Amino acid sequence: VPFAFAADEIPDFSDAKVITADASGLVYVDGVALEITGYSNNRVILPEGEYRLTSNISTTYLIWIDDEAVLDLNGYTWDLNDYCINLNAPLSVYDTSTDKTGKITSRQYTTIGAENETAAFSLYGGTIENTSTGTGRYPISTMWASANLYGGKIVSNGYAVYCTNDIDNTLKLGDVVLESG
């Protein structure tokens, strides 16, 4: 598996592609807009690769991950607004900044959703935050997938992680902080 790292091993993001967004919330990778797809033209597919943020961004599309990806928050915030990141492949999130202030936040019912057995979510650093209110709201939802929380912080107005038992999924907890509002 090309992007699997030990909990104490941090990849080198110096050649990582840069994710940005324009004022309308459209997502760009190295200055090229991602194609808008989906039955209601509300999602973009992030291709396989290593990525980093170099500024705070605010996006207004469902972020779909169909191939393995690694993201360095780099001390910045990715505000998904009323959308989420949907995983059909593994995603690993780091925050290599000195102050460890990087974060992914959403008002959607979930911030990171792993939808099938080929998906997995690994958090090595940074914060995953869900600011929605009401019941059934989760920063991380792993239906039929694994969640590996090696470090970082999970912030929610309610639950932290939703994990079903339908398939052989696992929840691994390392040095992670859970905060509830």
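Above: the structure in question.
Here's what I pulled together on the structure shown here.

**Focus: unusual backbone geometry**
Negative phi characterises most residues that are not glycine, and trans characterises most peptide bonds.
Inference 1: Despite not being glycine, Asp30 has its phi angle at roughly 50 degrees, a positive value.
Inference 2: Within the secondary structure, Asp30 sits in the loop between β2 (27-29) and β3 (32-33).
Inference 3: A relative accessible area of 49% places Asp30 in the partly exposed class.

**Observations regarding the pattern of salt bridges**
Inference 1: Scanning the entire structure with this criterion turns up 2 salt bridges.
Inference 2: The shortest N-O distance in the salt bridge between Asp82 and Arg107 comes to 3.0 Å. Highlighted residues: Asp82 in the loop between β10 (77-79) and β11 (85-87) and Arg107 in the loop between β13 (103-106) and β14 (110-114), separated in sequence by 25 residues.
Inference 3: On the basis of relative accessibility, which here comes to 41%, the residue Arg107 falls in the partly exposed class.
Inference 4: Two residues, Lys103 and Glu129, come together in a salt bridge whose shortest N-O distance is 3.3 Å. Of this pair, Lys103 sits in strand β13 while Glu129 sits in strand β16 (residues 127-130), placing them 26 residues apart in sequence.
Inference 5: Residue classification places Glu129 among the buried positions, given a relative accessible area of 15%.

**Details of the pairing of β13**
Inference 1: In this structure, β10 lies alongside β13, joined through 3 bridges in parallel fashion. Within β13, the residue paired with Asp79 across the bridge is Thr105.
Inference 2: One ladder, built from 4 bridges, connects β13 with β16; its direction is parallel. Counterpart to Lys103 in the pairing with β16 is Thr127.

Rules used in this analysis
Residues numbered from 1 in each chain as written. Predicted model: local features only at pLDDT ≥ 70, side-chain atom pairs only at ≥ 80, totals over all residues. Heavy atoms only, no water. Helix = DSSP H or I, 4+ residues; strand = E, 2+ residues; numbered from the N terminus. Buried < 20%, exposed > 50% of the residue type's maximum accessible area, 1.4 Å probe, protein only. Salt bridge = Lys/Arg side-chain N within 4 Å of Asp/Glu carboxyl O. Pairing = 2+ DSSP bridges.

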